[in-house]
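Spelled out, the chains give:
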Amino acid sequence: MLTVTRKLLELLSPRARMQLGILMGFLMVTAVIEAMGVASIMPFIALVISPEIIHSNEWLSRAYDVFGFNGDQAFLTFVGVVVLVLLLLTNASKAFGSWLMMRFQYRELYELRRRLLATYMARPYTFFLGRNSSELGSTILGESSGVIDLVLRPVIDMVAGSLVTISILVFLIIIDPVVAMSIVGLLGGAYVGLFFIVRNRLARIGGHQITASSQMYRSVWEAMAGIKDLMVLGREVTFLDKFMAAARTVSKNFAFSNLIGQIPRYALEVIAFGGILITILYLINQGKEAAQVIPVVGIYAFAGYRLLPTLHSLFGAFASLKTNSAKLHLIHFELLSGLTRPDLAEQQLRGKRATPAATFSRSLELRDLHFTYEGAMAPSLNGLDVIIRPGMSVGLVGPTGCGKSTTVDLILGLLSPTSGSIVLDGVEINDANRVGWQKIIGYVPQSIFISDESMTRNIAFGVPDDEIDMVAVRRAATTANLAEFIETSLPEGYDTSIGERGLRLSGGQRQRIGIARALYRNPPVLVMDEATSALDGVTEDAVMEAVHRLSKQKTIILIAHRLTTVRDCDVIYQLDRGKVVASGTYDELMQESRWFRSAAGGMD
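Residues numbered from 1 in each chain as written. Predicted model: local features only at pLDDT ≥ 70, side-chain atom pairs only at ≥ 80, totals over all residues. Heavy atoms only, no water.

## Digging into empty space enclosed by the protein
A complete count under the given rule lists two cavities of 30 Å³ or more for this structure. Of the pockets and cavities examined, the largest cavity occupies roughly 80 Å³. E530, A531, T532, I559 and T565 are the residues nearest the centre of the largest cavity, which is lined by twelve residues in total. Its residues assigned to classes, the lining of the largest cavity shows five nonpolar, four polar and three charged. For the second largest cavity, the calculated volume is near 70 Å³. (1 Å grid on protein atoms, 1.4 Å probe; cavity = no way out; pocket = protein on both sides within 12 Å on 5 of 7 lines; lining within 4 Å. Points joined across faces, edges and corners; volume = space filled by probe spheres on them. Nonpolar A, V, L, I, M, F, W, Y, C, P; charged D, E, K, R; others polar.)

Shown next as structure tokens:
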């Protein structure tokens, strides 16, 4: 419990911790008011049974005279109204407290999800190489909800329930310590005993829930992302079965944990009302008269009516914490184990927008680059040296696994070299100036991500709607040979929604969207990572025509699988085993490189 509380507080911001303290203070006041409401029942019942108490009790007699009552009936009515007001005040304060708790709870859910997404997006690119995107989505949307609904809320409920229980029990102990402690031992012992019986099973369920929930999210995401392939191959049922297995586990665990939360309710209602009978017998055996027994029994009955839901809520909160504490540990690790502090992650991301763009006027040099992926047996780059001048078109070619894609990721600033350096106009690119360098790069990957948005939003990808420059959108579309298709074939032109993942578009159209997106901010450097490898020859020619228009206007870096793509480059670097083994123009490499002649002959 202490570990859970500590980790929860560490996840909350200082402001949220202060708000939680205020909420706890209000819950304490509510608990006192509820105890007063319970306490008011006993004198009222006693007065109804024996009205003569009004005049025999010093305090009641003084109140009778001060307020000028002219009869016992009027005084009883007044006392009844006071009791009713106290009960109304109790329930009103409880309702207001529930509103405060829900408001706090869902505001913190928003904050937790925002901070998780910002923290993930501020992580280095290498973080995502070893993580499944569906698992990250499950953590942000699913496990975060579990932390708030099934950990934070139960903790607050436990505090509130404990305060109410303690307040009422203190009052009952004042009336009759023996009966009060008997109730505590009977009801409390039953709850504690049941909890110790099931706690280990609940903890195991919590661990299984995270694994099964993640598998459920992954099955849905993969099935939807690969639906075309699955339909052609007829393998839809495989993913359906994977989803069903995970979903069945989640459902069974939820059913068991909820059952555990409900069992005490039915058993303890019997125990509670049996306790009332025992209380009556105890008081009678003590020689109490009916007029003395009935008020005491009434107060215990009303206290039981108030305590049972509270005790049931306490048990449910304990069970929920035991089941779902694994979610808290996961979120705590994800938020606080990274190099970027959660409170700085969003600030870091927003700071990128204000970073000025770099300039590229002399050269980009890749000097003796080495890079090894974590856990890899061999390096991907092993002393790579490349020089790129402004306005040049440069090709990077080589057999599969030669290091082309790794080189691109290093140029893009997504990876940092294990050793060696990347130097722009004589200045090494590092963490301090990397964002400025990235601002002058346009990147076209092999697989273009298409969002379920309009053509405009896909070209100006990630730009807020109120900041989109339609002049730049049209210019980029024209340069990418896309404008005619948009203006003549799409029913709403640039406002046409092109569907999730661009399923209604051809491969060439998707690639041209990728080129237009890369050109939207008119960058001086364009990097194309095998951007035409999945296209047929005719479509590739159309796409490359758009690229060749930019020759001498921009620095173009082409990573190619097919050598026809780099035929017109000013210089081509042939890579093998992570280093440059040959360089020159297309014709020069045809003469000097056996591998190049073989690859070109196979493609031409």
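## Thoughts on a positive patch on the surface
Judged by side-chain charge, R201, R204, R248 and K252 come together as a positively charged surface patch. Where the positive patch is concerned, the elements lending two or more residues are α8 (177-225) and α10 (236-285). Tracing the chain through its elements places K252 in helix α10. Classification of K252 as exposed rests on a relative accessible area of 58%. (Patch = residues over 30% accessible without salt bridge, like charges linked within 9 Å, V, L, I, M, F, W, Y side chains within 5 Å. Areas by Shrake-Rupley, 256 points an atom, 1.4 Å probe, with all protein chains shown as cover. Salt bridge = Lys/Arg side-chain N within 4 Å of Asp/Glu carboxyl O. Lys, Arg positive; Asp, Glu negative; His and termini not counted. Charge placed at Lys NZ, Arg CZ, Asp CG, Glu CD. Helix = DSSP H or I, 4+ residues; strand = E, 2+ residues; numbered from the N terminus. Buried < 20%, exposed > 50% of the residue type's maximum accessible area, 1.4 Å probe, protein only.)

## As for the sheet that holds strand β7 (residues 525-529)
With mixed pairing, the six strands of this open sheet are ordered in space as β6-β7-β8-β3-β9-β10. Strand pairing shows two members of the sheet lacking a second neighbour, β6 (441-444) and β10 (579-584), which therefore form its edges. Pairs of neighbouring strands in the sheet enclose a mean axial angle of 20 degrees, with direction left out of account. Bridge count for β7 against strand β8 (residues 555-559) is five bridges, and the pairing is parallel. Across the sheet, residue L526 finds its bridge partner in β8, namely I556. (Pairing = 2+ DSSP bridges. Axes fitted to C-alpha atoms, helices over the stretch in contact; angles between N-to-C directions.)

## So, unusual backbone geometry
Unusually for a residue other than glycine, D425 sits at a positive phi of about 50 degrees. Its place among the elements puts D425 in the loop between β4 (419-424) and β5 (427-428). Even without being a glycine, N522 presents a positive backbone phi close to 55 degrees. Assignment of secondary structure puts N522 in the loop between α18 (507-519) and β7.

## With respect to the pairing of β7
Extensive coverage of β7 is indicated by the burial of five of its five residues. Relative to β7, β6 runs parallel, the two being bridged by four bridges. Among the inter-strand pairings, I441 is bridged to a residue of β7, identified as V525.

## Looking at the environment of G420
The residue G420 is located in strand β4 in this model. Relative accessible area serves as the criterion here: at 36%, G420 is assigned to the partly exposed category. For the pair G420 and L369, spaced 51 residues apart in sequence, the C-alpha separation works out to 4.4 Å. Not counting chain neighbours up to four residues away, the residues in contact with G420 comprise R367, D368, L369 and E428. (Contact = heavy atoms within 4.5 Å.)

## Here we look at the nonpolar core
Among the nonpolar cores identified, the biggest contains 45 residues, and M455, I459, L482 and I486 are the most heavily contacted of them. The element best represented in this core is α18, accounting for five residues. Among residues more than four places away in sequence, those in contact with I486 are M455, I459, A477, G493 and Y494. (Core = buried A, V, L, I, M, F, W, Y, C linked by side-chain atoms within 4.5 Å.)

## As for a nonpolar patch on the surface
Together, V66, F67, F78 and V82 line one region of the surface with nonpolar side chains, adding up to about 380 Å² of accessible area. By the secondary structure assignment, V82 is in helix α5 (residues 72-122).

## Quick word on the sheet that holds strand β2 (residues 381-388)
With respect to topology, four strands assemble into an open sheet ordered β2-β1-β4-β5, the strand pairing being antiparallel. With partners counted over all chains shown, the strands left at the sheet margins are β2 and β5, one partner each. Pairing analysis gives six bridges linking strand β1 (residues 364-371) to β2, with the strands arranged antiparallel. Residue F371 lies in a different strand from β2, and its bridge partner there is L381. In the packing of helix α13 (residues 404-411) onto the sheet, contacts are made with β1, β2 and β4, and the angle to β1 comes to roughly 120 degrees.

## Some details on the pairing of strand β3 (residues 393-397)
In terms of burial, β3 is a largely internal element, five of the five residues being buried. Strand direction decides the pairing type here: β3 and β8, joined by four bridges, are parallel. Residue pairing across strands places S393 opposite I556, the latter belonging to β8. Sheet topology note: the β3/strand β9 (residues 571-576) ladder contains four bridges and is parallel.

## As for the pattern of salt bridges
Following the criterion strictly, the structure yields eight salt bridges and no others. For E10, the salt bridge identified is with R6, shortest N-O distance 3.1 Å. With E10 and R6 both in helix α1 (residues 2-11) and four residues apart, the pair spans about one turn of that helix. Through salt bridges with shared partners, one network takes in E453, R457 and D465.

## Details of the side chain of K404
Turning to its location among the elements, K404 is positioned in helix α13. For the buried K404, which has no salt bridge, the nearest side chain bearing the opposite charge is E530, at an N-O separation of 4.3 Å. Side-chain polar atoms of K404 contact the backbone oxygen of G398, separated by 3.0 Å. When near neighbours in sequence (up to four residues on either side) are disregarded, K404 contacts L396, V397, G398, P399, E530, I559, A560 and L575. (Polar contact = N/O pair within 3.5 Å; in protein donor to acceptor, adjacent residues only side chain to side chain.)

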